[in-house]
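Chain and residue survey
The chain contents come next:
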Amino acid sequence: MSSSVFEHPWLSGLFTDHKMAKILSAERQIAHMLAFEAAWSRACGAVGIFDADKAEAAARAIETARIDMADLAEGMAQDGVPIPRFVAQLRAVAPAEALHKGATSQDVVDTAMVMALAEASTLLIERLDQLIRALSALEGRHGAAPLMGRTRMQAATEITVSDRVLTWTLPLAGHRARLSVLRGTVEKVQIGGASGDRKALGDKETEVVERVARDLGLAPAKRSWHAMREPIAEYASFLSLVTGTLGKMGQDVALMAQQGIDEIALSGGGGSSAMPHKQNPVAAELLVTLARFNATQVSAMHHAMIHEQERSGAAWSLEWMVLPQMLMATARSLAVGIDLVGKITRIGTA
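Reference entry: report on the structure contained in this document. Please read these numbers as outputs of a predicted model, since none were measured by experiment. (Residues numbered from 1 in each chain as written. Predicted model: local features only at pLDDT ≥ 70, side-chain atom pairs only at ≥ 80, totals over all residues. Heavy atoms only, no water.)

Helices and strands together make up the secondary structure of the protein, namely twelve helices and four strands. Dimensions of the protein, computed from the C-alpha atoms along their principal axes, are close to 75 × 40 × 35 Å. When each of the 350 residues of the protein is scored for burial, the buried share is 49%. Of all intrachain contacts in the protein linking residues separated by at least 6 positions in sequence, the fraction that spans at least 24 positions is 76%. With an accessible surface of roughly 16500 Å², the protein has 54% of that area assigned to carbon and sulfur atoms. Each charge class in the protein was averaged separately, 35 positive and 38 negative side chains, and the resulting centres sit 4 Å apart. (Helix = DSSP H or I, 4+ residues; strand = E, 2+ residues; numbered from the N terminus. Buried < 20%, exposed > 50% of the residue type's maximum accessible area, 1.4 Å probe, protein only. Contact = heavy atoms within 4.5 Å. Areas by Shrake-Rupley, 256 points an atom, 1.4 Å probe, with all protein chains shown as cover. Lys, Arg positive; Asp, Glu negative; His and termini not counted. Charge placed at Lys NZ, Arg CZ, Asp CG, Glu CD.)

In structure tokens:
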């Protein structure tokens, strides 16, 4: 067995999303961590906290550093965070006096996380737009066709295909708009230092934060958000809303495809080892599964909001376990939804 269906040798064939997996990869996370440290050295050098020449030398060494991940794993087991070993490795190639001082582990890890979220959001927006277009085209082709409306899974009154499809499409437009706003809240640099008060930066605080943020393509934060996780929890809630909408679509398609109802026809489908005459609505079922998975996980992200005092190891590390899986589920759900809509050859009762 594998601890994750997203990485299992064959279960991943159903669950994984390769583009999101690349965004969430350890190699990409290391690249973001290195980018933070290089930006930190340059910013502190520019404002006089570090010697300017040594800061630039440190930044260049950091940018080309090769990180021993096995050593990071050993450090995680000991320290609960990778940054002490990470910084120790950087000190072997860069001037120690112009490296990391004034920052803390959470600054590096959280900033790397939001850099990944920025990339993830770009991917999700692309797919939301693609799915909205696909559903709009489907409605254009079949929207006027009659369809039996059903309430509480019982025949109600006749509606049109457009009425059903709009319940799939309209929420997606809302999610698209919600994410555009949410990005401005989430994509902010994390800088707080030891206890989140930025005390080590003195009167250079604002300038350092703005320089680091600009170098990393993020927004500056007015103060650190070490123990204020509302934006991250809200992002997780957004992910669950997206998969929930797609789960509703998947549930509808699976019910419409039932033998005896036959209100939809799909090209392709899943086979059965015992009943070769069957074509199972695997994609529609997967949308339901992923929606239920994210709905379960989002509660853990709300638990992760509860930080003790200025930083929590327990709440913080819970995010690491949950948020990447929610991102994978959401990206996969959107990809499956796009593919599923493209395979609808007939919809309606006429």
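Back to the write-up after that little detour.
Let us look at the pattern of salt bridges. By the definition in use, this model includes 18 salt bridges. In this structure, Glu-56 and Arg-42 form a salt bridge, with 3.0 Å as the shortest nitrogen-oxygen distance. Of this pair, Glu-56 sits in helix α4 (residues 52-63) while Arg-42 is found in helix α3 (residues 26-46), placing the two residues 14 residues apart along the sequence. Between Lys-248 and Asp-252 there is a salt bridge, and its shortest N-O distance comes to 2.6 Å. Taken together, the residues Lys-248 and Asp-252, both in helix α10 (residues 230-256) and four residues apart, mark about one turn of the helix. Taken together, the salt bridges that share partners define one network made up of Arg-42, Glu-56, Arg-60 and Glu-63. (Salt bridge = Lys/Arg side-chain N within 4 Å of Asp/Glu carboxyl O.)

In the Ramachandran plot, Arg-198 falls in the positive-phi region, its phi being about 60 degrees despite a non-glycine side chain. Of the residues examined, Arg-198 reaches a relative accessible area of 5% and is grouped as buried. One non-glycine residue, Gln-309, lies in positive phi territory at about 50 degrees.

Further remarks concern the pairing of strand β1 (residues 146-151). For β1 and strand β2 (residues 154-160), the ladder comprises five bridges, and the chain directions are antiparallel. If you follow Arg-150 over to β2, its bridge partner there is Ala-155. What sits between the antiparallel neighbours β1 and β2 is a turn of two residues, in which Arg-152 has the positive phi angle 55 degrees. (Pairing = 2+ DSSP bridges.)

It is worth spelling out the environment of Thr-345 at this point. Considering the arrangement of structural elements, one finds Thr-345 in strand β4 (residues 344-347). Every residue in contact with Thr-345, bar those within four places of it in the chain, is listed here: His-142, Ala-265, Leu-266 and Ser-267.

In this section: the side chain of Thr-245. Tracing the sequence through the fold places Thr-245 in helix α10. Reaching out from Thr-245, the side chain makes a polar contact with the side chain of His-175 at a distance of 2.8 Å. Aside from chain neighbours lying at most four places away, what touches Thr-245 is Trp-168, Pro-171, Leu-172 and His-175. (Polar contact = N/O pair within 3.5 Å; in protein donor to acceptor, adjacent residues only side chain to side chain.)

Right, let's get into the nonpolar core. Core analysis: the biggest nonpolar cluster contains 104 residues, and Trp-40, Phe-86, Val-212 and Tyr-235 have the highest contact counts within it. For this core, the leading source of residues is helix α7 (residues 105-142), giving 18 residues. When near neighbours in sequence (up to four residues on either side) are disregarded, Val-212 contacts Phe-36, Ala-39, Trp-40, Ala-43, Val-189 and Ile-191. (Core = buried A, V, L, I, M, F, W, Y, C linked by side-chain atoms within 4.5 Å.)

Two packed helices can be described by the angle between their axes and the distance between those axes. Packing of α3 against α4 brings their axes to within 8 Å, and their N-to-C directions diverge by 170 degrees. The orientation of α3 relative to α4 falls into the category roughly antiparallel. Residue-level inspection shows Leu-34, Glu-37, Ala-38, Ser-41, Arg-42 and Gly-45 of α3 in contact with α4, the latter providing Ala-52, Ala-55, Glu-56, Ala-58, Ala-59, Arg-60, Ile-62 and Glu-63. Residue composition of the contact of α3 with α4, grouped by class: seven nonpolar, two polar and five charged. (Axes fitted to C-alpha atoms, helices over the stretch in contact; angles between N-to-C directions. Parallel < 35°, antiparallel > 145°, perpendicular 65-115°, else oblique. Nonpolar A, V, L, I, M, F, W, Y, C, P; charged D, E, K, R; others polar.)

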